[in-house]
Structures are given as structure tokens and as C-alpha cells.
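# Coordinate inspection notes
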Amino acid sequence: AATGRGVWRAKTKATLSGGTGSGSGLVVVGSADGEVIALDQGSGSERWRVRVGGEVLAAPAVAESVVVVRTVDGRLLGLDPASGKELWRVEQQIPRLTLRGSGKPVIAGNLALCGFDNGRVLAVNVADGEVVWDATVTPARGRTELERLVDIDSAIKVSGADVFVVGYQGRVAMLALDSGQVWWSRELSSHRGLDFDDDTVFVSTSEGEVVAFRRRTGVELWRQDAFKRRGLAAPAAVDGYVAVADFQGYVHWLDVASGALVARTRAGDRVSNAPQVLGGLLFVLDDDGQLTAFRPR
């Protein structure tokens, strides 16, 4: 992370279709053919490979006791980290028409959480897959299938007892981790995602705006509309800035308090993936596979 020097490279001979999930000594990735492949985090050697019966478009979530995988057809699977054996599965009914993508599962304590293409968020016990709660963030509305698209295709974010989620043609909302109760929600459309700091939630909308909300109440603080139709990726809060990349590979740096544009840098080609923050650095992966690290200050 400090230098960008390669540590290892593994050839899976699979058509990889989802990002990597890591933890507990594993790096896990899914394929278009429904394979889930686990590699050793230290060496890149293959630990196991299993078929899950559905394309995997989202990065798996990895914990000491379970690997959680979401398939494109609405299944949430718990796999044994040691062998890949299926431990449990939960299914959600998915509409016939959806966006191309699926929400990334996350693990928080003893819960695995994931958003689905029907506008719902599911929380299950990681030990046995028992559903703890099932919350509707956005009910489908409208007469046509296009109007009724309410996919949750971006990663849910968890902080303490709070869960933050946003959906396409839907809402941004804060839920209670223990019960799924909706504390606040605001009408918004996003298929890219959100991020937050101690006080504020930031969302990249489908229209190309960046919107900031008060974290505890959902009150809108500011809205930056200078990037409309630029195909924004998810925002990232880092060191007093909000960074957001676009379809030309530019990274726009906004003031966290006002949303004003303070700097612009280039990361390469189109950026669709959410930037990642680690150790005060912002990592941006463009769609051509170039990884760039930025230091905000």
C-alpha cells in the first residue's frame, strides 16, 4: 500500500466478475460462471474453489467463521472459510428487470447484511443464516417495470449501531443495526453508493450530484451539481475532503463542510469502482485496471 510494489499475482483461469473480499488470511473472488475462489492472503496460492450456481458480481465478505457471497439471482450464501462448503443460504425474490449489478454483503459482528434488487435489506446470523430482520428501504412504485426499479446495488456501510444504505430510484436511509428500524430516509437515486465521516453522510446520485446529509438526522447540508452526467463513482471521505471520480478518470476533491470544489486530479480512464481509503491514502482503480494512490495533503 505504501509503494505499489507487487507482492504476488495469481492466475485463476476464470472470468472474474466481482471484486475481491479479504480477511482472516483469505482473499476471495467470484466469477461469471458461478465459481468462488479463495486464495491465501500472504502468498496468493489457491486454498479452494467451489461452484455456487449463480454469477457473482459483488465482492464477498470474509470473516473468521464464514465467507458470505451474494449471487446475481438473489441468493445470499454462507461458506466455510476452510473448505468452501456451503453452510447456509437465504434467498430473496428478484424482479424480472433489474440493473446490471448487485449489492456487496458486509459483516458486522454476528450479522451479515446485504441489499437486494427488490429494495430490501436483509440481516442474517452468520452462524446459521437465520434471518434477524428484513427491512424495506424503498417499495417499488409506478406502472412499468422501468419505473419500479429499486435496486440496492452499492455496498451497505455500517458504523457502530448505524447502517447506511442507498438505492436506485429510491432513498438514502439510516437503519438500526439491531432491528432494521428506519431512523430516517430521504428520496434519492443512486446505484454507486455512499460514504460518511463522524458527522455527515455523502452520496453520489444517479444524476451526477454529490449530496451531504447530517448523519444523525438526515437533514441535507449541501448539494454539489457541477458534475452532472459525468457518471460519478461512489464518494470517499478522507482527511477533510470528499473525493469522487468520474467517467473520464478525474478525481474531484470537495470541501467536506461546504461541498466546494478545491482540487482536481487524474486517475487514468473511467472509474466505476468505489475508491478505497487506507492509512490516510485514497486508492482509485480505473476500468482499465490502473491502480493509483493519492495523498490528500
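So, a few notes on the structure that sits alongside this text. Computed from a predicted model, the values in this text were never measured in an experiment.

This part covers the pattern of salt bridges. Under the criterion given, the structure shown has 17 salt bridges. As a salt-bridge pair, glutamate 86 and arginine 89 come within 2.9 Å of each other at their nearest N and O atoms. The salt bridge involving arginine 230 is made with aspartate 246; its shortest N-O contact spans 2.7 Å. Taken together, the positions of arginine 230 in the loop between strand S20 (220-224) and strand S21 (236-238) and aspartate 246 in the loop between strand S22 (241-245) and strand S23 (250-255) put the pair 16 residues apart, joining distant regions of the chain.

Here we have three strands laid out as an open sheet, ordered S25-S26-S27, and antiparallel in their pairing. Of all strands in the sheet, those with a lone pairing partner are strand S25 (276-278) and strand S27 (291-294), marking the two edges. Sheet twist, expressed as the average angle between the axes of neighbouring strands with direction ignored, equals 25°. Direction of pairing for S25 relative to strand S26 (residues 281-285): antiparallel, over a ladder of three bridges. Bridge assignment links glutamine 276 to a residue of S26, and that residue is phenylalanine 283.

What follows concerns the nonpolar core. Ranked by size, the top nonpolar core spans 16 residues in total, and within it Leu113, Val121, Trp133, Val137, Ile156, Val165 and Leu175 carry the most contacts. Put simply, the parts of the chain that give this core at least two residues each are strand S9 (106-108), strand S10 (111-115), strand S11 (120-125), strand S12 (131-136), strand S14 (162-166) and strand S15 (170-176).

Definitions and limits used
- Residues numbered from 1 in each chain as written.
- Predicted model: local features only at pLDDT ≥ 70, side-chain atom pairs only at ≥ 80, totals over all residues.
- Heavy atoms only, no water.
- Salt bridge = Lys/Arg side-chain N within 4 Å of Asp/Glu carboxyl O.
- Helix = DSSP H or I, 4+ residues; strand = E, 2+ residues; numbered from the N terminus.
- Pairing = 2+ DSSP bridges.
- Axes fitted to C-alpha atoms, helices over the stretch in contact; angles between N-to-C directions.
- Core = buried A, V, L, I, M, F, W, Y, C linked by side-chain atoms within 4.5 Å.
- Buried < 20%, exposed > 50% of the residue type's maximum accessible area, 1.4 Å probe, protein only.

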